[in-house]
Amino acid sequence: MIAKVEPLTTTRRLTGPFDYALPEEPVDVGSVVRIPFGRQRLDGVVVGLAERSEVPAERLVAPTAVRDESLPPDLVELALWMAAEYCSTPARALSLVLPPPGRARTELWAAPTGGANGKLTERQRALLERLPGPTGRDLPALRRLEARGVVTIAPRLRRRAPRVNVAADRPVELTAAQAAALDALRSGGSHLLHGVTGSGKTEVYLRTAAAALERGRGVIVLVPEIALTPQTVARFQARFGDTVALLHSALSEGERSDEWRRLRAGEARIAVGPRSAVFAPVADLGLIVIDEEHDPSYKHEGDPRYDARRVAAERARRTGAALIAGSATPRPESWHALPHVGLPERVDGRALPPVRVLDMRGANGPLHPLTRRALAAAPKSIVLLNRRGWSNFLTCRSCGKVWECPQCDVALVLHRGEGTLACHHCGHRERVPQRCDACGSLAVARHGAGTERLEAELRETLDVPVLRLDADTAAAKDAVPDLLARFDAAPAGVLLGTQMVAKGHDFPDVTLGVVLDADATLRFPDFRAEERTFALIAQLAGRAGRGPGGGRVLVQTMAPEADTIAAAARHDAEGFLAGELERRRALHYPPFADLVRVVCSAQDGAPARDAAARVAAAVDGAPATEVLGPAPLFRLRGRERFQVVVKTGERAAAVAAAGAAVDAAARDRALRDVAFAVDVDPQ
Ligand code: ADP
Ligand code: ZN
Ligand code: ZN
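Residues numbered from 1 in each chain as written. Chains lettered and ligands numbered in written order. Predicted model: local features only at pLDDT ≥ 70, side-chain atom pairs only at ≥ 80, totals over all residues. Heavy atoms only, no water.

Engineer: Help me understand the sheet that holds strand 20 (residues 420-422) in this model?
Structural biologist: Pairing between the strands of a sheet is mediated by backbone hydrogen bonds and can be parallel or antiparallel. Spatial ordering of the open sheet is given by 19-20-21, a layout of three strands whose pairing is antiparallel. Unpaired on one side and paired on the other, strand 19 (413-415) and strand 21 (429-431) mark the two borders of the sheet. Averaged over all neighbouring strand pairs, the angle between strand axes comes to 35°, with direction disregarded. Across three bridges, the pairing between strand 20 and strand 21 is antiparallel. (Pairing = 2+ DSSP bridges. Helix = DSSP H or I, 4+ residues; strand = E, 2+ residues; numbered from the N terminus. Axes fitted to C-alpha atoms, helices over the stretch in contact; angles between N-to-C directions.)

Engineer: Is there a simple way to explain the coordination of the zinc ion (ligand 3) in this structure?
Structural biologist: Angles at a metal have ideal values that depend on geometry: 109.5 degrees with four tetrahedral donors, 90 or 180 degrees with six octahedral donors. Ligation of the zinc ion (ligand 3) by protein atoms is provided by Cys405 (SG), Cys408 (SG), Cys423 (SG) and Cys426 (SG), these donors lying 2.2 to 2.4 Å from the ion. For the zinc ion (ligand 3), the four donor atoms are set out with angles of 105 to 114° between them, so the coordination reads as tetrahedral. Sequence positions of the donors to the zinc ion (ligand 3) reduce to the motif C-x2-C-x14-C-x2-C. With Cys405 in the loop between strand 18 (393-396) and strand 19 and Cys423 in the loop between strand 20 and strand 21, this pair connects stretches of sequence that are 18 residues apart. In this pair, the class of Cys405 matches that of Cys423, namely buried. (Donors = N, O, S within 2.8 Å, 3.2 Å for Na, K, Ca; no water. Tetrahedral: all angles 85-135°; square planar, octahedral: opposite > 155°, others 65-115°. Buried < 20%, exposed > 50% of the residue type's maximum accessible area, 1.4 Å probe, protein only.)

Engineer: I keep staring at the coordination of the zinc ion (ligand 2) and nothing clicks. Help me out?
Structural biologist: At 2.2 to 2.4 Å from the zinc ion (ligand 2) lie its protein donor atoms, namely Cys396 (SG), Cys399 (SG), Cys436 (SG) and Cys439 (SG). Coordination at the zinc ion (ligand 2) is tetrahedral, judged from the four donor atoms that bind it and the angles of 102 to 114° they form at the metal. In primary-sequence terms, the residues that donate to the zinc ion (ligand 2) follow C-x2-C-x36-C-x2-C. Of the two residues, Cys396 sits in strand 18 while Cys439 sits in the loop between strand 21 and strand 22 (444-447), which places them 43 residues apart along the sequence.

Engineer: Hey, could you run me through helix 11 (residues 369-377) in this one?
Structural biologist: Among all positions in helix 11, only Thr371, Ala374 and Leu375 are buried. Taken down its axis, helix 11 places every buried residue within 100° of arc, on the same side. Exposed positions of helix 11 whose direction lies more than 90 degrees from the buried face are Arg373, Ala376 and Ala377. Contact partners of the buried residues in helix 11: strand 16 (355-359), strand 17 (380-384), helix 12 (451-461), strand 25 (512-515) and strand 26 (552-557). (Arc of directions from axis to C-beta. Contact = heavy atoms within 4.5 Å.)

Next comes the structure, spelled out in structure tokens:
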């Protein structure tokens, strides 16, 4: 027997698997090994075992070490599928699913048996109260109870990860709609759970998860961002306790590896986390939930550029698990592909808040007079402005100079609080200019308003606390949960921010929602602009009027007659989706075609353009494909960029053709300074 090993190297050209002799320790598919590789030592993953090798036996070497932790074989298969699906390499895909570094640690754990505890001392009773839990210094006392059959003591994997927050589990009686949804979902398979904001989707997830556990199956729950959706995580932890493992990036390395091992060992059966939790080592997977399935954070921006929603669907298919994609604003793709289960009303039967569209053409200042009045009257409101900073760009009134990033062809944004101009693409920062460095003029104009400026303006006019939530205020550790908790606890206040304020928050006392510059996202030159705009407005509207006080929503826009904005104002997701799908069908966009995007970048424009032209020519002629470009993109981080977009009805063939075209171009010495990025299903 020999082992087929995929070396974990970043070099694109080195794709295995390579044959190795078996080491002394037992290995299987999923074993993580240390291998001699040329003159180096690399980590590798065993992806297969075979009877014999083409390589003569005397030339085969064995791995030098085998790690304690191995990957479940189904994750190896999934990673190899992902490598092909996203035009990446097995090594890169495997490195996303590897066991985290660190060692497993165990501790002794005591649990009450529920048996004969009649004759216990006061102290022993107190001890039982805190169980189940680690034995710690009470081990001798607990051993005596163990001898009497009152508790059991056994080693268990240690858990360092903290609970997100300890909320009490509130048992609820299902509404008729929830019960019907649950019934439909119980049949298994994949479903779209389309429930309006506040319709109790989470309770449906919790019940289907409980049913999966009862059948002895494990569960994965994907959420957009833990920091922004602590309520969902808290409710899973409240209901299922230590059966829940939390996998998110804010955990320390040790915490994360403990959670991974608890899942791998089967001690935890529910994995909750953001997109990477789709790779959680859950055995006998029975259910994958994708909460807020419309959220863009499910797409990974590094190589492989996977979409956790697609990976989840593939993993569900391979394991026979059920899949639930839930949202109030589903993606056109899911609406088209999945059977729908609906929760058309809020749990309390309250109507969704009325939405009023305010025409901002010819307005001066960022706030409509009606918005001003409403903000002054409402005790608690949420305001969305999807643009951070003070103003969008600076110009010189004398010579017209626009302050731009030296690395990217985009305008710099003024951040007054920190006294800088910042590039929102590469992070470049410079001091705010006192005068124009081109003509010396002192007249520097500031254009547009971002969240920072609006915060100052609201502070001036309102006498309630104004809390700003955007990437700038969220940077510090724990800043987001602190901010959300402060807003939740305050009797009055404004939560102002970027799209972060429109996520699944459940604040029952918010009576006013405001969207400023609602058409800003519509102006993006992207076929998803409509979908994003609809979701943003409808989601923000869903934050208002969740309590007995009711609520209303104001939407300020320069495009009051735009269909997308009108549909969002009517809370008409179905109408929007029907229209959007028609448009996509006519224009051959997903879900009626697949897109593959290739970006070629280099210090100089010429080789980047040549490379893109080569790729375009090579892909052109593949069956059922249409090639768009090369088209220039704005310079980013000092690199000129050109993109080729392939629209195809033959996904696998187009992905393979793009991959082959890139590999061929990358081998050309004339193009050696060009970097290639292949993005399947670009966002
Ligand atoms: P969604 O995710 O659909 O926006 P949530 O799951 O956050 O809605 O539910 C909104 C609120 O309704 C939560 O506070 C939840 O505890 C509560 N809730 C859910 N189901 C019920 C029910 N059947 N009866 C009473 N309250 C419920
Ligand atoms: Zn000037
Ligand atoms: Zn920049």
